[in-house]
Amino acid sequence: GGAIAPIPEYTLSANQLMNGTSMSSPNACGNTALLLSALKQQNIPYTPYGIETALINSANDNILNKIDNVARGYGLLQVNG
């Protein structure tokens, strides 16, 4: 994924384009945290495998149809509130 995000002032730039694991790892962790929080609030039991399966099965790959399957992975994470 990619995003324009605020960065520290010491970089002498108000914003910066970031992509790759610099943005995808925090995005994946944040979405997983939201999912875990919802499951805990509703007292729904879960396993690591179940979380992985839920994220994979709910990923939206329609947006990425033109990209090679190996390059795109499972698609864009979709964690709805």
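Quick caveat: nothing in here was measured; it's all calculated off a predicted structure.

Calculation criteria
- Residues numbered from 1 in each chain as written.
- Predicted model: local features only at pLDDT ≥ 70, side-chain atom pairs only at ≥ 80, totals over all residues.
- Heavy atoms only, no water.
- Helix = DSSP H or I, 4+ residues; strand = E, 2+ residues; numbered from the N terminus.
- Buried < 20%, exposed > 50% of the residue type's maximum accessible area, 1.4 Å probe, protein only.
- Contact = heavy atoms within 4.5 Å.
- Areas by Shrake-Rupley, 256 points an atom, 1.4 Å probe, with all protein chains shown as cover.
- pLDDT = per-residue confidence, 0-100.

Counting its regular elements, the chain contains 3 helices and 2 strands. For the chain, the α and β elements follow one another from N to C terminus as β-β-α-α-α. Of all 81 residues assigned to the chain, the portion counted as buried reaches 12%. Summarising the internal contacts of the chain: among those between residues at least 6 apart in sequence, 12% fall at separations of at least 24. Approximately 6400 Å² of the chain is accessible, and the part contributed by carbon and sulfur atoms is 57%.

Attention shifts here to the confidence of the model for the chain. As a note on interpretation, predicted positions should not be read in detail where pLDDT is low. Averaged over every residue, the pLDDT of the chain is 76; the share at 70 or more is 59%. Put simply, strand β1 (residues 2-6) is where the chain has its lowest mean pLDDT, 54, and helix α2 (residues 48-58) is where it has its highest, 89.

Examined against the element boundaries, Thr47 turns out to sit in the loop between α1 (21-41) and α2. Classification of Thr47 as partly exposed rests on a relative accessible area of 44%.

What follows covers the environment of Leu35. You can see Leu35 is positioned in helix α1. Here the alpha-carbon distance between Leu35 and Ile51, two residues 16 residues apart in the chain, equals 8.1 Å. Beyond its immediate sequence surroundings of up to four residues, Leu35 is in contact with Ile51, Ala54, Leu55 and Val79.

Let us look at the side chain of Asn31. Secondary-structure assignment places Asn31 in helix α1. Look at Asn31 and you get buried, because its relative accessible area is 12%. If we skip the residues at most four places from it in the chain, Asn31 touches Leu77 and Val79.

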